[in-house]
Amino acid sequence: MAHKKFHLGYFTKFGATSWPGDGTEFGSQWADGSYHKELARMLEAAKFDFIFFEDTTIVGDRYGGSMELDLKNATLAPKLDPLPLLPLMAQDTSHIGLIATASTTFYPPYLLARLLSTIDSLTKGRAGWNMVTSSEKNAALNFGLEKLLPPSERYDIADEFVELCKKLWDSWEEGALVANTETGVYVDHTKVHTVNFEGKHFRSRGPLNTLRSPQGYPVLAQAGASDRGRDFSSKNAEVVLGMMTGGVKGMKAYRDDIRNRAEKQGRNPDDIKVFFLTPLNILPENGEVREMTEADKQAAFEHNIVMASSSLDIDFSQYDLDAPVPQDIVAGGHTSALEHMKKAGREEGKSLRDLFSTGKGGSNARFRGTAQQVADQLMAVMDEVGGDGILIEGSGYNHQLPALLDGVIPALQKAGAVRTEYEGTTLREILREF
Ligand SMILES: Cc1cc2nc3c(=O)[nH]c(=O)nc-3n(C[C@H](O)[C@H](O)[C@H](O)COP(=O)(O)O)c2cc1C
């Protein structure tokens, strides 16, 4: 049976992705960029669409008011800025897309538009921007703000931010650079325009002082989950990132919803690729399934509770961790994630400790089995959901790279479910190949 062809992304961070370990694993030396350069080469050989860098700008101390658990487990920090890493990875590769996160809440639009234009030039048209509005109070404090605005206002600002960036990127028309040695004209001034943008939140005269970059502007990515977030992503994004909440039904509903919203905004839904983030648990052929030990569960708990405390802006240490999830918790951050947790408490009696003690090493991964079985499961899900891509969780999974790249991907390629060659050269072209 012919399978739905789907795209592949790899989700990681510019941080320690192989901790805990003994310090010699692949990924241990990451701060000089060498690990990610090697990783990008490996993923390009497997014909991934892109490598994706999440990012935040804090050391997490929301849980119990201490940085200890975050720094102990290298959960949120240390993390370096992924934007300068993209051109480094581009030097050793020729096709793989390079997407990094930057916040519309903290950057001035002109500065970020200029930086991303520069990176798109340096990567020869392979840059992407994951647009986030940020959800950590500490991040606000780091940038001199007392607190974050409510999520919907942050999205209103982000809408205007993107509108201005696009105007700035378009302030240089195609063909403005002429470099005509006979006339002595380097840039045709009639093709470079001021933008005179006067919005509610931003003003900018423009034009950018860069060049028009190979893609014009970077591929725009976003992960809206709330109603307002989905409106934003279906209006602006070309890569939309979803979670696998709600199983196949939930995934299909999410993708259909994003496509419908995009159509209502006058966009061609096929220009948007929806990727679902998931870990994989690839087991050895006929091997023993290793269950989580108590130490694994404790490490998972510490990691997950630090992540959730900061992204939801909740000090979970105030709550009973072993009773069903309290229904009166209020989130400052991503509200949809908290709603799922409360539902698990209400309907299944799950405690915060139950919810936070899983996930390490892909123990609760939906996709679990030998390389061939994982490939078959991925194809079955994509066939049913209808597309568009899988974003494979990479942080903490370096040990699985051989099984992924020598097992799962070749099995998918053999079945015709993923690409075996790149046709396009820019990230936008590659995403639109199918
Ligand atoms: C795959 C994925 C990647 C994300 N990456 C980041 C990130 O790097 N930084 C960040 O602050 N938020 C990140 N988020 C959070 C989203 O930007 C968004 O806030 C979240 O999905 C909740 O949606 P909502 O804002 O509509 O409630 C990510 C979410 C997902 C699903």
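Residues numbered from 1 in each chain as written. Predicted model: local features only at pLDDT ≥ 70, side-chain atom pairs only at ≥ 80, totals over all residues. Heavy atoms only, no water.

As annotated in an unreviewed UniProt entry, the protein carries the name NtaA/DmoA family FMN-dependent monooxygenase and is attributed to Sphingobium agri. UniProt annotates the protein under Sequence similarities (unreviewed entry) with the comment "Belongs to the NtaA/SnaA/DszA monooxygenase family." (UniProt positions renumbered as here; feature names shortened; annotations may be inferred.)

Asker: Even after reading the chapter, I still don't get the layout of surface pockets, so can you show me in this structure?
Answerer: Sizing a probe to match a water molecule and rolling it over the atoms shows the empty space that remains. The calculated volume of the second largest pocket comes to roughly 280 Å³. For the lining of the second largest pocket, the elements supplying multiple residues, two or more each, are α6 (151-169) and α7 (227-236). The greatest single-element share of the lining of the second largest pocket, amounting to 3 residues, is contributed by α6. Across the lining of the second largest pocket, the residue classes tally to 2 nonpolar, 2 polar and 8 charged. (1 Å grid on protein atoms, 1.4 Å probe; cavity = no way out; pocket = protein on both sides within 12 Å on 5 of 7 lines; lining within 4 Å. Points joined across faces, edges and corners; volume = space filled by probe spheres on them. Helix = DSSP H or I, 4+ residues; strand = E, 2+ residues; numbered from the N terminus. Nonpolar A, V, L, I, M, F, W, Y, C, P; charged D, E, K, R; others polar.)

Asker: Any chance you could explain the packing of helix α4 (residues 109-122) against α6 here in plain terms?
Answerer: In a pair of packed helices, the angle between the axes and the distance between the axes together describe the arrangement. It is at 9 Å that the axes of α4 and α6 come closest, and there the two elements cross at 50°. Put simply, α4 runs oblique to α6. Between α4 and α6 the crossing geometry is right-handed. Listed contacts from α6 to Pro 109, Tyr 110, Leu 112, Ala 113, Leu 116 and Ser 117 of α4 are Phe 161, Leu 164, Cys 165, Leu 168 and Trp 169. (Axes fitted to C-alpha atoms, helices over the stretch in contact; angles between N-to-C directions. Parallel < 35°, antiparallel > 145°, perpendicular 65-115°, else oblique. Left-handed = near helix turned anticlockwise from the far one by under 90°. Contact = heavy atoms within 4.5 Å.)

Asker: Looking at this structure, how should I read the packing of aromatic side chains?
Answerer: Any pair of aromatic rings gets described here by the distance separating the centres and the angle formed by the planes. The tally for this structure, following the rule as stated, stands at 13 aromatic pairs. Taking 6.4 Å as the distance between ring centres and 80° as the angle between the ring planes, the aromatic pair formed by Trp 129 and Trp 169 counts as edge-to-face. With Trp 129 in strand β4 (residues 127-132) and Trp 169 in helix α6, the pair connects residues that are 40 residues apart, well separated along the chain. There is no split in this pair, since Trp 129 and Trp 169 are both buried. Plain terms: the ring middles of Trp 169 and Tyr 217 are 5.6 Å apart, the flat faces sit at 10° to each other, and that makes the pair stacked. (Phe/Tyr/Trp six-rings, centres within 6.5 Å; stacked < 30°, edge-to-face > 60°. Buried < 20%, exposed > 50% of the residue type's maximum accessible area, 1.4 Å probe, protein only.)

Asker: How do you make sense of the side chain of Arg 255 when you look at a structure like this?
Answerer: Looking at the element boundaries, Arg 255 is found in helix α8 (residues 247-264). At 2.9 Å, the side chain of Arg 255 and the side chain of Asp 388 are in polar contact. Excluding residues that lie within four positions of it along the chain, Arg 255 makes contacts with Val 274, Phe 276, Val 385, Gly 386, Gly 387 and Asp 388. (Polar contact = N/O pair within 3.5 Å; in protein donor to acceptor, adjacent residues only side chain to side chain.)

Asker: Hey, could you run me through unusual backbone geometry in this one?
Answerer: Apart from glycine, the bulk of residues carry a negative phi angle, and the bulk of peptide bonds sit in the trans form. Following Ala 77, the chain continues into Pro 78 via a peptide bond in cis, with omega recorded as 0°. Examined against the element boundaries, Pro 78 turns out to sit in the loop between α2 (68-73) and α3 (85-91). Put simply, Gly 206 and Pro 207 share a cis peptide bond, and its omega is 0°. Even without glycine at this site, Ser 134 takes up a positive phi of about 65°. Tracing the sequence through the fold places Ser 134 in the loop between β4 and α5 (137-142). One non-glycine residue, Asp 313, lies in positive phi territory at about 55°. Mapped onto the elements, Asp 313 comes out in the loop between α9 (294-311) and α10 (335-348).

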